[in-house]
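Residue-level structure breakdown
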There are 2 protein chains.
Amino acid sequence: MADEKQFVKEITPQSEDFSKWYLDVIKKADLMSYSPVRGCIVFKPDSYEIWENIQRELDKRFKETGHRNAYFPLFIPESFFQKEKDHIEGFNPELPWVTEAAGEKLEERLAIRPTSETMFGHMYAEWINSYRDLPLLINQWANVVRWEKRTLPFIRTSEFLWQEGHTAHEDEADARKETMQMLEIYRDFVEDFLAIPVIVGQKTPSERFAGAVDTYSIEAMMKDGKAVQAGTSHYLGTKFAVAFDIKYLDRENTHQFVHTTSWGSSTRLIGALIMVHGDDRGLVIPPKVAPTQVVMIPIGPPKSREPVLAKTNELYTLLKQAGIRVKVDDRADVTPGWKFNEYEMRGIPLRIELGPRDMENGQMVLVSRVSGEKRIIKQENLVQEVEQILAEIQTEMFEKAKQFREDNFTSVDSLDGMKQYLEKKRGFILAGWCGSAACEAEVKEETGATSRNIPFSPAEHKTHCLVCEEPALHTVVFGRSY
Amino acid sequence: MADEKQFVKEITPQSEDFSKWYLDVIKKADLMSYSPVRGCIVFKPDSYEIWENIQRELDKRFKETGHRNAYFPLFIPESFFQKEKDHIEGFNPELPWVTEAAGEKLEERLAIRPTSETMFGHMYAEWINSYRDLPLLINQWANVVRWEKRTLPFIRTSEFLWQEGHTAHEDEADARKETMQMLEIYRDFVEDFLAIPVIVGQKTPSERFAGAVDTYSIEAMMKDGKAVQAGTSHYLGTKFAVAFDIKYLDRENTHQFVHTTSWGSSTRLIGALIMVHGDDRGLVIPPKVAPTQVVMIPIGPPKSREPVLAKTNELYTLLKQAGIRVKVDDRADVTPGWKFNEYEMRGIPLRIELGPRDMENGQMVLVSRVSGEKRIIKQENLVQEVEQILAEIQTEMFEKAKQFREDNFTSVDSLDGMKQYLEKKRGFILAGWCGSAACEAEVKEETGATSRNIPFSPAEHKTHCLVCEEPALHTVVFGRSY
């Protein structure tokens, strides 16, 4: 039997090999295991707990905006995919098929859902009759499968966990309002809760969701300069309504097609979190999403162990009661130094050290995982100080990630300019684009960068297409992406 | 497009046709829809919310006892099933198989998990090395699929949602302690939270989980006298440890096989909830699990509408702040009488009526869904009174279900006695059993009843086998089951 931890003695520095750093970190921090099924991982407790925190927070925001959860079948009949032409073209290459069950060949193949627009479409056609049934606002937490060629733990796995919202509306205006509302919920959640700054914008047609009229995304920059799409929101127009015959009787007693939206975010957020905040010592987890926010480590010689432990437990209870997620590591067979390294590697935002001298002085030492700053505080101010420093760490992490993104963001006027930049540096590139698919494809071919999105608030408005030099229709963010 | 609600004008009385009553109720209360995939249903928001409440409460209890959540792959390679002989025999007839993915035939077929002992087994072999890694206590919330011939919404569906706990221990004693602990958590949860009395006991060998050494269950009686297995906990011995080579180095530096357990409960609890508490007017949901515990309905003539509504909203806020799940239905285009029927059908435990005369007297009317009792209370005592009556309703529902079970529980000495009983009545039957599979099979063939379990605390100890009249090895609860 293999001890996985043995395989990772050291973490490869990010500057040496970012991909290796990533794989080292997630193994050493015990976040996942490769499963025997191609491209599928096991989400071990330490990563699943991050997902639980993400779920809880997103779910709260969905419910506050009037959405309810439901659960739809895993299996989607093949004929459903045929109903929306773009949708099947986009997803067909990635579908696994159930062809036999209970010893018999099925009459119709069943796909494992890669996303559920078709199943929701079929059911919505049954449920929606009148404008009184609208808007219909449903979200689903589920597993989905996309049989990918190249996989990377958390970022792109054959099976992953996500939420998919599917809503139906009376008209375009209402559906577009929903699309934008959910995009804003993602932006706010990812920036506020995960401390990841994102670029909000619209996808170009070539990067649109298969079957969407318009796709919007939030894009985050990893520490290797590559992009991760951290959430998408789609206005689907009446495409799925027409395909599945989702009609309602409007206020004038006329049959109309509904306008639908869908929006999703997934366990790839865990991967983004790691690649945005991690450093050469390991994970760094923002306090708001961290399963453990504070670790308390009693220190000092054996003779003072008893009173120090008693005090530590007393202060632990105070923090716990204040709703802070805190743990004590009082193991005697491991040195404090080993523990410091261990919890730094695991990314616990704040460490508290308490020794005999601290006891005498009624104080304790707080050490931030992000800055390494040590702060000596009075025990009597414990809860208030810890709450404050956790808030500071959260802000600091966001600002640091934002600064990194700004330091790795350039603007170019030509394809040559982009190539030259990408030869030496990494990051996002702002450029003008005429709107033609050919020019976009040329950028990809020449540089490996793809359009991430057309940002709503670009730093500047570019006037000419970087490829053909025609007037720019849009200012686009390009980047290599995961 | 079909309006599902139109199809259910009336609910069939339970006494007329219990199965039809059940299907009428779940349709009319909008809990589910049949999906286009055989045996799969859509869990609509009103049933999914019940599941969310079940999840939250069970999850809390699992975590309090040291378990952590993780997520394992949906797909299980065919070869894994071959490793444990009993396991494959039990599950093979129900497995759906993925044979193609991304346009290619797979080298090895992948089953959709019906349960995950094999996948956990494979991973545990990789993760466990030393006694220091034990016990390993992991739970998973997931969808599973069993391709069943006969399905019934919530109770038996091809795909369902559940939790499955899988633990590994140093020795039999520790694993058996875990098995019993989880059985007790299920009992306590189902009785306390769902107000469903259960019989706790051990399954006979023929009803054991495929691959278990011992299976324990909690069994509930539905209002048609049939049994629903509401939770199971298995001691698996070293069977899966041997099959997957899960060994650890013990304190004496010797390799030992671990002892494992597994335990599960599922969305069938929603079905049990409905069939234990529902009545001819519809659902009755216990306050602790009810998504909406209280509905407030303002009444009276249009001229007093404004002040009554203002008061209702004021009191609503008080209840909300006290953590009570409350809704106001202030629609003007629907009569109070219609609303009363509607919320009774949906099983909301408590209704509050407030009209102009109540305003004058500073009072309001509380109506219990279970007893129909009306109670006039002072507005100033609102929160306290509501909390108290909800607690009373919860207790009343448990006691009522318990009384029903006692009224439909008999004890027999012979197979003829059982037959005669079941010809006229329904329910559970206590009988002695010699321990032979043949006698157990004969009971099933002659009466349609199967052994539910060997209760830990039978009302009496039977001395002779009901079939062969040999001395009884066990006192068994028999019953027809879902």
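With an unreviewed UniProt entry as reference, chain A is termed Proline--tRNA ligase, source organism Paenibacillus psychroresistens. UniProt annotates chain A under Sequence similarities (unreviewed entry) with the comment "Belongs to the class-II aminoacyl-tRNA synthetase family. ProS type 3 subfamily." Under the UniProt heading Subunit (unreviewed entry), the entry covering chain A gives this text: "Homodimer."

What follows deals with the packing of helix α3 (residues 45-64) of chain A against helix α7 (residues 172-192) of chain A. Residue and element names in this part refer to chain A. At a minimum axis distance of 11 Å, the contact between α3 and α7 shows a crossing angle of 145°. Both α3 and α7 take part in a crossing whose hand is right-handed. For the pair α3 and α7, the contacting residues are Ile54, Glu57, Leu58, Arg61 and Phe62 in the first and Met182, Ile185, Tyr186, Asp188, Phe189 and Asp192 in the second. Per-class residue counts for the contact of α3 with α7 are seven nonpolar, no polar and four charged.

Moving on, we get to the interface of chain A and chain B. Contact residues are listed per partner, giving 64 residues for chain A and 64 residues for chain B. Both faces considered, chain A and chain B share a buried interface measuring about 5,100 Å² in area, 61% of it formed by carbon and sulfur atoms. At the boundary of chain A with chain B, the tally comes to eight salt bridges. Here glutamate 52 of chain A and lysine 63 of chain B are joined by a salt bridge, their closest N and O atoms 3.0 Å apart. On inspection of chain A and its partner chain B, the count reaches 28 residue pairs in polar contact (both at pLDDT 80 or more). Class assignment of the residues belonging to the side of chain A that touches chain B gives a composition of 40 nonpolar, eight polar and 16 charged. Sheet topology places strand β5 (residues 96-101) of chain A next to strand β5 (residues 96-101) of chain B; five bridges connect them, and they run antiparallel.

In this section: the sheet that holds strand β21 (residues 428-433) of chain A. Residues and elements named next belong to chain A. Pairing is mixed in the open sheet, where 11 strands are placed in the order β3-β7-β8-β14-β11-β10-β9-β22-β23-β21-β20. Edge strands, defined here as strands with exactly one partner in the open sheet, are β3 (68-69) and β20 (409-411). Pairing between strand β9 (residues 199-202) and strand β10 (residues 214-221): four bridges, direction antiparallel. Bridged to isoleucine 199 within β10 is glutamate 219.

Bringing the packing of helix α10 (residues 305-321) of chain A against helix α13 (residues 382-407) of chain A into the picture now. All names here are of chain A. At a minimum axis distance of 10 Å, the contact between α10 and α13 shows a crossing angle of 60°. Relative to α13, the element α10 is oriented oblique. Handedness of the crossing formed by α10 with α13: right-handed. Residues Leu315, Leu318 and Leu319 of α10 form the contact with α13, whose own contacting residues are Leu382, Val383 and Val386. A per-class count over the contact of α10 with α13 returns six nonpolar, no polar and no charged.

Here the focus is the relation of the copies chain A and chain B. Between the two copies, chain A and chain B, the superposition gives an RMSD of 0.0 Å; the rotation angle is 180° and the shift along the axis is 0.0 Å. Such a combination of rotation and displacement between the chain copies is what one expects of a two-fold axis. Using C-alpha coordinates, one finds that chain A approaches the rotation axis most closely at valine 98 of chain A, a distance of 2.1 Å. An overlap of 100% is found between the interface residues of chain A and their copies at the interface of chain B, pointing to a shared contact surface.

Our next topic: the domain arrangement of chain A. Residue and element names in this part refer to chain A. You can read the domains of chain A as domain 1 (4-277), domain 2 (294-389) and domain 3 (409-479). Averaged C-alpha coordinates put domain 1 and domain 3 at centres separated by 27 Å. Domain 1 puts 22 residues into the contact, and the matching count from domain 3 is 14 residues. Summed over both sides, the interface between domain 1 and domain 3 buries roughly 1,400 Å², with carbon and sulfur atoms accounting for 63% of that surface. It is Ile199, Thr204 and Met221 that lose the most area in domain 1 upon contact with domain 3, and together they represent 33% of the buried surface on that side. The interface formed by domain 1 and domain 3 contains one salt bridge. Among the salt bridges present, the one from glutamate 219 reaches arginine 452, with a minimum N-O distance of 3.3 Å. At the boundary of domain 1 and domain 3, one finds 10 residue pairs in polar contact (both at pLDDT 80 or more). Counting only elements with at least two residues in the side of domain 1 that touches domain 3, the list comes to α7, β9, β10 and β11 (227-237). Residue contributions to the side of domain 1 that touches domain 3 peak at five residues, all from β10. Of the residues in the side of domain 1 that touches domain 3, the class split is nine nonpolar, seven polar and six charged.

Let's shift gears to the packing of aromatic side chains. By the definition in use, this model includes 36 aromatic pairs over all chains. Each ring, one from phenylalanine 62 of chain B and one from tyrosine 186 of chain B, has its centre 6.4 Å from the other, and the planes form 85°; the classification is edge-to-face. Of this pair, phenylalanine 62 of chain B sits in helix α2 (residues 45-64) while tyrosine 186 of chain B sits in helix α6 (residues 172-192), and the two are 124 residues apart along the sequence. Under the relative-accessibility criterion, phenylalanine 62 of chain B is labelled buried at 1%. Residue tyrosine 186 of chain B is classed as buried on the basis of its relative accessible area, which comes to 1%. Aromatic side chains phenylalanine 72 of chain B and tryptophan 127 of chain B sit 5.7 Å apart centroid to centroid with 50° between the ring planes, which places their arrangement in the tilted category. Of this pair, phenylalanine 72 of chain B sits in the loop between β3 (68-69) and β4 (75-77) while tryptophan 127 of chain B sits in helix α5 (residues 117-127), and the two are 55 residues apart along the sequence. Under the relative-accessibility criterion, phenylalanine 72 of chain B is labelled buried at 0%. Judged by relative accessible area, tryptophan 127 of chain B falls into the buried class, the value being 11%. Members of the aromatic cluster, each reached through a chain of ring pairs, are Trp51, Phe62, Trp141, Tyr186 and Trp263 of chain A.

The rules behind each value
- Residue positions are given per chain, counted from 1 along the sequence in the order it is written.
- Chains carry letters from A onward and ligands carry numbers from 1 onward, assigned in written order.
- Per-residue local features are limited, in this predicted model, to residues with pLDDT of at least 70; the limit for side-chain atom pairs, both in listing and counting, is 80 or more; totals at the level of whole chains, interfaces and linings are taken over all residues.
- For side-chain calculations, the full set of non-hydrogen atoms in the structure is used, while hydrogens and water are omitted.
- UniProt positions are given in the numbering used here, feature names are shortened, and annotations may be inferred rather than shown by experiment.
- All axes here are fitted lines through C-alpha atoms, helices being fitted over the stretch that makes contact, and every angle between N-to-C directions spans 0 to 180 degrees.
- For helices the rule is a DSSP run of H or I covering at least 4 residues; for strands it is a run of E covering at least 2, with both sets numbered from the N terminus onward.
- For a crossing to be left-handed, the near helix must be turned anticlockwise from the far one by less than a right angle; the clockwise case is right-handed.
- Whether two residues are in contact is decided by their heavy atoms: any pair within 4.5 Å suffices.
- Asp, Glu, Lys and Arg are counted as charged, while Ala, Val, Leu, Ile, Met, Phe, Trp, Tyr, Cys and Pro are counted as nonpolar; the rest, among them Gly, fall into the polar class.
- When two parts are put together, the accessible area they lose, computed with a 1.4 Å probe and summed over both, is reported as buried area.
- For this document, the term salt bridge refers to a Lys or Arg side-chain nitrogen within 4 Å of an Asp or Glu carboxyl oxygen.
- We define a polar contact as two N or O atoms separated by no more than 3.5 Å, with the added condition that, inside protein, one atom must be a possible hydrogen donor and the other a possible acceptor, whereas residues neighbouring each other in sequence contribute only through side-chain atom pairs.
- Strand pairing is assigned whenever DSSP detects at least two bridges linking the two strands.
- To sort the angles, those under 35 degrees are grouped as roughly parallel, those over 145 as roughly antiparallel, those from 65 to 115 as roughly perpendicular, and the leftovers as oblique.
- A least-squares superposition brings the copies together, and it is based on the C-alpha atoms of residues with pLDDT no lower than 70 in both.
- Where a domain begins and ends is set by an automatic assignment or by a domain database.
- Centres within 6.5 Å are what make two rings of Phe, Tyr or Trp a pair, Trp counting through its six-membered ring; a difference in plane orientation under 30 degrees is then read as stacked, over 60 as edge-to-face, and the rest as tilted.
- The buried label applies to any residue whose accessible area, calculated with a 1.4 Å probe on protein chains only, is under 20% of its type's maximum; exposed applies above 50%, and partly exposed to all values in between.

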